[in-house]
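# A closer look at the structure
This is what each chain is made of:
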Amino acid sequence: MSGPDVNLILRSTRVVTPEGTRPATVAVAGGTIDAVLPYDTGTPAGARLEDFGDDVLLPGLVDTHVHVNDPGRTAWEGFYTATRAAAAGGITTLLDMPLNSLPPTTTVEHLRIKQQVAAPKAHVDTGFWGGAIPSNVKDLRPLHEAGVFGFKCFLSPSGVEEFPELDQEQLARSMAEIAGFGGLLIVHAEDPHHLAEAPQRPGPAYADFLASRPRDAENTAIEGLIAHAKRLDARVHVLHLSSSDALPLIAAAKREGVRITVESCPHFLTLTAEEVPDGATEFKCCPPIREAANQDILWAGLADGTIDCIVSDHSPCTTDLKTPDFASAWGGISSLQLGLPAIWTEARKRGHSLDDVARWMSAAPAELAGLTRKGAIEAGRDADFAVLAPDATFTVDPAELFHRNQVTAYAGKTLHGVVRSSWLRGVRIASDGVLAEPAGRLLERDR
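Attention here is on the structure that accompanies the text. Everything numeric in this text was worked out from a predicted model, so none of it was measured.

## Quick notes on the overall build of the protein chain
Helix and strand counts for the protein chain stand at 12 helices and 18 strands. Taking the principal axes of its C-alpha atoms as reference, the protein chain extends roughly 70 × 45 × 45 Å. For the protein chain, the residues scored as buried account for 61% of the 447 residues in total. In the protein chain, the proportion of contacts linking residues at least 24 apart, taken out of those at least 6 apart, comes to 75%. A total of about 15800 Å² of accessible surface is found on the protein chain, and carbon and sulfur atoms cover 51% of it.

## Brief notes about the sheet that holds strand 8 (residues 125–128)
Here we have 3 strands laid out as an open sheet, ordered 6-7-8, and parallel in their pairing. Only two strands of the sheet have a single partner each, and these edge strands are strand 6 (61–66) and strand 8. The mean inter-strand angle of the sheet, taken between neighbouring strand axes irrespective of direction, is 20 degrees. The pairing of strand 6 with strand 7 (residues 91–96) spans 4 bridges and is parallel. Bridged to L61 within strand 7 is I91. Relative to the sheet, helix 12 (residues 354–369) contacts strand 6 and strand 7, its axis offset from that of strand 6 by approximately 55 degrees.

## Here we look at the packing of aromatic side chains
Within this structure, the stated rule accounts for 9 aromatic pairs. An angle of 75 degrees between the planes, with centres 6.0 Å apart, marks the rings of F154 and F163 as edge-to-face. Given a relative accessible area of 0%, F163 falls into the buried group. Between F209 and F326 the ring centres are 5.7 Å apart and the planes differ by 20 degrees, which places this aromatic pair in the stacked class. Separated by 117 residues along the polypeptide, F209 in helix 6 (residues 206–212) and F326 in the loop between strand 14 (309–310) and helix 11 (339–349) bring together distant segments of the chain. Each member of the pair, F209 as well as F326, is classed as buried. Three or more aromatic residues joined by ring pairs form one cluster here, namely Y206, F209 and F326.

## Quick look at the pattern of salt bridges
This model, assessed by the stated rule, comprises 29 salt bridges. For the salt bridge of R425 with D125, the shortest nitrogen-to-oxygen distance reads 2.6 Å. Here D125 lies in strand 8 and R425 lies in the loop between strand 16 (414–424) and strand 17 (427–431), a separation of 300 residues in the sequence. An identical accessibility class is assigned to R425 and D125; each is buried. Two residues, D208 and R201, come together in a salt bridge whose shortest N-O distance is 3.1 Å. The exposure class of R201 is partly exposed, given its relative accessible area of 45%. Because the salt bridges share partners, they merge into one network encompassing D125, R373, K374, D382, D384 and R425.

## Quick look at the nonpolar core
With 96 residues, the main nonpolar core has L58, F151, L185 and L241 as its most contacted residues. No other element matches helix 1 (residues 79–88), which puts 6 residues into this core. Once you skip the residues sitting within four places of it in the chain, F151 turns out to touch W129, G130, G131, A132, L140, L143, H144, I178, F181, L184, L185 and I186. In terms of nonpolar packing, the next biggest core, distinct from the first, is built from 21 residues, L99, F149, F163 and C317 among them.

## Focus on the sheet that holds strand 14
Adjacent strands of a sheet pair through backbone hydrogen bonds, lying either parallel or antiparallel. The strand order across the open sheet built from 6 strands is 9-10-11-12-13-14, with neighbouring strands paired in parallel fashion. The open sheet has two edge strands with one neighbour each: strand 9 (130–131) and strand 14. Sheet analysis places strand 10 (residues 151–154) next to strand 11 (residues 184–188), joined by 4 bridges and oriented parallel. In the strand pairing of strand 11, K152 is matched with I186.

## Concerning the packing of helix 11 against helix 12
Two elements in contact, helix 11 and helix 12, have axes separated by 10 Å at closest approach and are oriented at 135 degrees. By the angle class used here, helix 11 and helix 12 are oblique. As for how helix 11 packs across helix 12, the hand of that crossing is right-handed. On helix 12, the residues that touch G339, L340, I343, W344 and A347 of helix 11 are L354, V357 and M361. Residue composition of the contact of helix 11 with helix 12, by class: 7 nonpolar, 1 polar and no charged.

## Some details on the side chain of H228
With respect to the secondary-structure elements, H228 resides in helix 7 (residues 215–232). Here R231 takes part through its side chain, which lies 3.2 Å from a polar atom of the side chain of H228. Aside from chain neighbours lying at most four places away, what touches H228 is Q168, L171, A172 and M175.

What counts and how
Residues numbered from 1 in each chain as written. Predicted model: local features only at pLDDT ≥ 70, side-chain atom pairs only at ≥ 80, totals over all residues. Heavy atoms only, no water. Helix = DSSP H or I, 4+ residues; strand = E, 2+ residues; numbered from the N terminus. Buried < 20%, exposed > 50% of the residue type's maximum accessible area, 1.4 Å probe, protein only. Contact = heavy atoms within 4.5 Å. Areas by Shrake-Rupley, 256 points an atom, 1.4 Å probe, with all protein chains shown as cover. Pairing = 2+ DSSP bridges. Axes fitted to C-alpha atoms, helices over the stretch in contact; angles between N-to-C directions. Phe/Tyr/Trp six-rings, centres within 6.5 Å; stacked < 30°, edge-to-face > 60°. Salt bridge = Lys/Arg side-chain N within 4 Å of Asp/Glu carboxyl O. Core = buried A, V, L, I, M, F, W, Y, C linked by side-chain atoms within 4.5 Å. Parallel < 35°, antiparallel > 145°, perpendicular 65-115°, else oblique. Left-handed = near helix turned anticlockwise from the far one by under 90°. Nonpolar A, V, L, I, M, F, W, Y, C, P; charged D, E, K, R; others polar. Polar contact = N/O pair within 3.5 Å; in protein donor to acceptor, adjacent residues only side chain to side chain.

In structure tokens:
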């Protein structure tokens, strides 16, 4: 039975739990899941019942890769708009990347600035990554102690001058420092030498852009990252994997006990190079969207556990920066609100279940970041939920998206899975596209 303080009962014929999907009643007390009970359990006196019928009750999604760009580049995005889009898409927790804001999150002072900006604007719970750049090794431990979830670095140019990349010596130095206090290094893994040697042909042709970001750049960078992590016994995470060629390297490293995890993104798993029209730079990202055959192998990597999780890498910009020239356009795909339906649309075609989707998009990202109260519908976790109508469809209209600039590679696509509502610590924060006032909390690493 549920405890005496239960004030909310959520019921569905399909509740996604760590043990599988089943009819269940979820009892909530004080914003925490008190118990997951049999479907026909009665409602305690004084508790409110929300019955979702056959809509699926999922754990709220956890997106550990979001560029909010606030403060400093708030014309691109901001905490208010980004977290509204997240809530509308079933995401109840996000972690903000340390770059594209001004200042970047490379010192404790900069972290505090960002937290002050985010606090009154966040519709969902929000945490922060720190940044590892050549000049801030001394700042890494203080940032860790201040509660960042880990440290992001680039191995090739980031696209913004205030966040320079690490060379191999700097990478080893930062990794050793982070390993020394048990931290996590997350890495944009593209080798700059392979990028420099690749053909660079400006213009609107997607094939030319794809040739400029070859798979070898990812593969070589990941190979080097594995070697450093093995030598230093460091914990590392590969960001936005697009090259399926790297999967055997990663799988072998995991078998050898290297502490490496890997993410991919909805755009790599649902969009293909073959479908990108020339000049359609809303599809530009780095590393790039690759061919359909490559995508099939990424899905196999998800299925066998080589790829751990799926996160958005929401990296928006103003419309004017998406010029028709793939070489000069800003590289980033806006997908914060659409990740769940985009992935579910493709996953269901490939025989995967919503249990799989919840594992990839909620449990595994929560585990990556050490968010022990997030990521699952079980007693003791925060009462964070997404309610999904999995068989309902909608066609993506950019004008209906909540992120600041309505530029998206998914425009016009018909997707399965309509998010009916999102709940944060037992409070409904989004309902059929209507958003509540900001109720998110700022998170710090809890282990």
